[in-house]
Number of protein chains: 2
Amino acid sequence: MSFIRNILNSRSSKDGNFFLQLQNILGFKPKNKSLYRKAFTHRSMNLKDKKGNPINYERLEFVGDAMLSSIIAAYLYGQVPHGDEGYLTKMRSKVVSREHLNELGKDLKLIDFVVSRISKSSFGDNIHGNLFESLIGAIYLDRGYSYCEKFIHKNVIIPYVDIETLEGKVISYKSLLIEWCQKEKKSFDYDVYEDTGKDELKHFSVKLSIDEKVIAKGRATSKKKAEEKASKRAFFAFQKQITKPI
Amino acid sequence: MSFIRNILNSRSSKDGNFFLQLQNILGFKPKNKSLYRKAFTHRSMNLKDKKGNPINYERLEFVGDAMLSSIIAAYLYGQVPHGDEGYLTKMRSKVVSREHLNELGKDLKLIDFVVSRISKSSFGDNIHGNLFESLIGAIYLDRGYSYCEKFIHKNVIIPYVDIETLEGKVISYKSLLIEWCQKEKKSFDYDVYEDTGKDELKHFSVKLSIDEKVIAKGRATSKKKAEEKASKRAFFAFQKQITKPI
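Residues numbered from 1 in each chain as written. Chains lettered and ligands numbered in written order. Predicted model: local features only at pLDDT ≥ 70, side-chain atom pairs only at ≥ 80, totals over all residues. Heavy atoms only, no water.

- Per an unreviewed UniProt entry, chain A goes by Ribonuclease 3 and derives from Winogradskyella immobilis.
- Annotation of chain A in UniProt includes, under Sequence similarities (unreviewed entry), the sentence "Belongs to the ribonuclease III family."
- Taken from UniProt, the Cofactor (unreviewed entry) comment for chain A reads in full: "Mg(2+)". (UniProt positions renumbered as here; feature names shortened; annotations may be inferred.)

This is the structure:
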């Protein structure tokens, strides 16, 4: 028991820091903080509420998964007027694939927030996607559908979802963006630098400037990937294709 | 072509009636009427918009199915604090089962609204559930998540979903209600009458009064089923168990 108490105490002292970092990711202030604590509590903690119900993120995953599916469904409906039910289902399953969700959770470094009795290094890759889903569940239960929708637009749709890529039509956003800059007579610059920080793997960051103004940033494990991320973000910012569904 | 035109003309003359009846079901006034027309247009009509995209209810089913799943997920999360992810998934799949959705669509007589080139008698049973989903999709796209949530609470959760039944614990709401009335010293009366109307099958309606005030109604293909429906509605009305999730 003292083991758990120690963990909880040490967490409690870090609570302020946790919510500060979380707020950066969310883009808004959490109201019901206990939901977010739950969203990052691993089952190995064996925590229970007064009624004996387990406190961990697994039930929130269920809610988050459902919300993600419906928000992506509505987005695809609006974006692809020619796609039939089968097509829409296929496109959605690409967006919410386990692999993709893991990538999203990794990008937000959600694993840093996990409270667990077992070592983080022993988790499989799916923990990243699971935490991403549980966070979405907490957002829905804390602030409702529209906050959830905004979070998914900002963190899933804008940086990662576009129909051309899903259909395998666009290979490189960097080349698309360069083509566009040349056509529009705009100057562009990719400022790439090593940005490994505390990560185990080497990381790179890039600042993409167009007409000498920083338009988008990207960070990834290779220069090419970081450039591609920044290019995609810039491309969408310019195209203003990221509108609400309907 | 003149065939389609005739159908469309005859439909157009019935448009006012369609929206009047629909409004009764929805409980609010539709804003974007074309969405609801689409929600009841069968693919056999072969309709296309100016860009050549098909106009029928199949894409709306995709959106409605996703919304239904997420709203039921959130509801179950709130109602069953002891249920783990697997339990919640299983409970949801019972609520949104094909059989159940068909029953819901049938109850609302949605098939009466369908515009089709093929005879309605040749549709399989699934058309009822498909139309129910497409209607939910239209509601979401027309009025947003909260309207959709209210519609699903009114038409799915209140009359049909409760954990006890899903878990197979409650066999009869009629006996539960009678027991409750006896305990609370309330008088009760089931007023059953034949109410087949234009249906092919014989139907019965029931008015359930408690302390001489009509509390709930039910309509079904047998006296017993109609009484059970009314009892369930009355039971929930009294228990006020039907609250928003969270």
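**Examining the relation of the copies chain B and chain A**
In step 1: When chain B is fitted onto chain A, the two copies agree to an RMSD of 0.1 Å after a turn of 180 degrees and an axial shift of 0.0 Å. Both copies are brought into coincidence by an operation consistent with a two-fold rotation axis. (Least-squares fit on C-alpha atoms with pLDDT ≥ 70 in both.)

**Some details on the pairing of strand β4 (residues 204–210) of chain A**
In step 1: The buried fraction of β4(A) amounts to six of the seven residues, a majority that puts the element mostly inside the structure.
In step 2: What sits between β4(A) and strand β5 (residues 213–220) of chain A in their antiparallel hairpin is a turn of two residues, with A:D211 showing a positive phi close to 50 degrees. (Buried < 20%, exposed > 50% of the residue type's maximum accessible area, 1.4 Å probe, protein only. Helix = DSSP H or I, 4+ residues; strand = E, 2+ residues; numbered from the N terminus. Pairing = 2+ DSSP bridges.)

**Remarks on the packing of aromatic side chains**
Residue and element names in this part refer to chain A.
In step 1: Enumeration according to the criterion identifies 17 aromatic pairs over all chains in this entry.
In step 2: When the centroid spacing of 5.8 Å and the interplanar angle of 85 degrees are considered together, the rings of F18 and F40 count as edge-to-face. One end of the pair, F18, is in helix α1 (residues 2–26); the other, F40, is in the loop between α2 (33–39) and β1 (47–48), and 22 residues separate them in sequence.
In step 3: When its relative accessible area of 8% is taken as the criterion, F18 is described as buried. (Phe/Tyr/Trp six-rings, centres within 6.5 Å; stacked < 30°, edge-to-face > 60°.)

**A closer look at the interface of chain B and chain A**
In step 1: Contacts between chain B and chain A engage 30 residues on the former and 31 residues on the latter.
In step 2: At the boundary of chain B with chain A, total buried surface from both sides reaches about 2900 Å², with 62% on carbon and sulfur atoms.
In step 3: By the criterion of area lost to chain A, the three top residues of chain B are B:R59, B:F62 and B:Y77, representing 31% of everything that side buries.
In step 4: At the surface where chain B touches chain A, the tally comes to zero salt bridges. (Contact = heavy atoms within 4.5 Å. Buried area = accessible area lost by both parts, 1.4 Å probe. Salt bridge = Lys/Arg side-chain N within 4 Å of Asp/Glu carboxyl O.)

**Thoughts on the domain arrangement of chain A**
All names here are of chain A.
In step 1: If you check the domain split of chain A, you get domain 1 (2–166) and domain 2 (173–239).
In step 2: Between the C-alpha centres of domain 1 and domain 2 the distance comes to 26 Å.
In step 3: With eight residues of domain 1 in contact, the opposing surface of domain 2 contributes seven residues.
In step 4: In total, domain 1 and domain 2 occlude about 620 Å² of area from one another, counting both sides; carbon and sulfur atoms represent 46% of this.
In step 5: If you look at where domain 1 meets domain 2, you find one salt bridge.
In step 6: Salt-bridge contacts for K229 lead to D107; the nearest nitrogen and oxygen are separated by 2.9 Å.
In step 7: Counting the contacts that link domain 1 with domain 2 gives one residue pair in polar contact (both at pLDDT 80 or more).
In step 8: With three residues, the top contributor of residues to the side of domain 1 that touches domain 2 is helix α7 (residues 145–160). (Domains from an automatic or database assignment. Polar contact = N/O pair within 3.5 Å; in protein donor to acceptor, adjacent residues only side chain to side chain.)

**Describing the environment of B:D199**
All names here are of chain B.
In step 1: Looking at the secondary structure, you find D199 in the loop between β1 (188–194) and β2 (204–210).
In step 2: In the structure, D199 is positioned 22 residues away from T221 in sequence and 10.0 Å away in space, judged by C-alpha atoms.
In step 3: Sequence-distant contacts of D199, that is, excluding residues within four places in its chain, are made with K109 and R219.

**Some details on the sheet that holds β5(A)**
Residue and element names in this part refer to chain A.
In step 1: With respect to topology, three strands assemble into an open sheet ordered β3-β4-β5, the strand pairing being antiparallel. Each edge of the sheet is formed by a strand with only one pairing partner; in this case those strands are β3 (188–194) and β5. Strand after strand, the sheet turns through a mean of 20 degrees between neighbouring axes, direction not considered.
In step 2: Sheet topology places β3 next to β4; seven bridges connect them, and they run antiparallel. Pairing of D189 across the sheet is with S209, part of β4.
In step 3: In this fold helix α9 (residues 173–183) packs onto β3 and β4, with an angle of close to 145 degrees to the strand it touches most, β3. (Axes fitted to C-alpha atoms, helices over the stretch in contact; angles between N-to-C directions.)

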